[in-house]
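An overview of the molecular structure
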Amino acid sequence: MKSHSAYNPYYYRVILLVRDPRDVMISYYYYLKDRKQIDDKLEISEFIRHTKYGINRWTEHTKSWYYNNYGGGGGQIIKIFRYEDFLKDTHLQLSSVMDCFGIKINEKLIDEAIALSSKEKMKDSEKKHRSTNIINAKIPFVRKGVASGGQELSDLDIEFIANSATDIARILGYDL
C-alpha cells in the first residue's frame, strides 16, 4: 500500500521515503500546480508558507513517522530511506528495502528492476500510456527527479524552510 498520510499505527511494515525538504517543496508545488489543485497565480514563496501544503505540513508529517518509529511504535517495523541515497546508489538502497521485507532477491533482478524504472523509461511509459491516465493525460508525473538542495528557491525561502524544518531535517541527515 502506498500512502502519504501521517503516522498510522495500523501499518505494520513501513518504508518511509524522505527527501530534502527544499526539493520536496519545489516538486510538490509543480505537481499541484500542473494538476490545477492550487491557484495558477500562487507563487512558490507563498506555497512554502501555505498552511495546507507548505513546509510546516511536511515537518508535521515527517515528525509523526520519525518519532513514532523511535518512540516504540507498537511493534511496527518502520524503515527510513532517503531519496538522495537512492539517486547515489539505487542498487544498494533497493537491496536494503528488500531486506526490510525479508525478501531475498537475485542481484540481476534488482539490476533489471532499476533499468526498467529509470526516469527515461518512466517518461516513455507515461507517453505510451497517456490515454489511460485517469487523472490528467496531458500532465507528466515524472519531472526532473534530482537532488538540488532547493537551488531554484530564493534565499528567503531557503531560510524559511530551514527555520521551520531544521530539527527533523538534521535528524534525517539534511544540512539546511
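This text gives an overview of the structure that appears in the document. (Residues numbered from 1 in each chain as written. Predicted model: local features only at pLDDT ≥ 70, side-chain atom pairs only at ≥ 80, totals over all residues. Heavy atoms only, no water.)

Moving on, we get to unusual backbone geometry. A negative phi angle is the norm for most residues apart from glycine, just as the trans form is the norm for most peptide bonds. In this structure, Lys-36 is a non-glycine residue whose phi angle is positive, near 60 degrees. On the secondary structure map, Lys-36 appears in the loop between helix H1 (21-34) and helix H2 (44-49). (Helix = DSSP H or I, 4+ residues; strand = E, 2+ residues; numbered from the N terminus.)

Next up on the list: the environment of Tyr-28. The residue Tyr-28 is located in helix H1 in this model. Between the alpha carbons of Tyr-28 and Ile-48 there is a distance of 9.8 Å; along the sequence they are 20 residues apart. Filtering out sequence-adjacent residues up to four positions away, Tyr-28 remains in contact with Phe-47 and Tyr-53. (Contact = heavy atoms within 4.5 Å.)

Now for the nonpolar core. Ranked by internal contacts, the top residues of the largest apolar core, which has 27 residues, are Met-25, Ile-38, Phe-47, Ile-48, Ile-55, Trp-58 and Leu-172. Broken down by secondary-structure element, the contributors of at least two residues to this core are strand E1 (13-18), H1, H2, helix H3 (55-69) and helix H8 (155-171). By residue number, the principal contributor to this core is H1, which donates 5 residues. Every residue in contact with Met-25, bar those within four places of it in the chain, is listed here: Ile-44, Phe-47, Ile-48, Tyr-53, Gly-54, Ile-55, Trp-58 and Ile-161. With 5 residues, the next largest nonpolar core counts Phe-81, Val-97, Met-98 and Cys-100 among its residues. (Core = buried A, V, L, I, M, F, W, Y, C linked by side-chain atoms within 4.5 Å. Buried < 20%, exposed > 50% of the residue type's maximum accessible area, 1.4 Å probe, protein only.)

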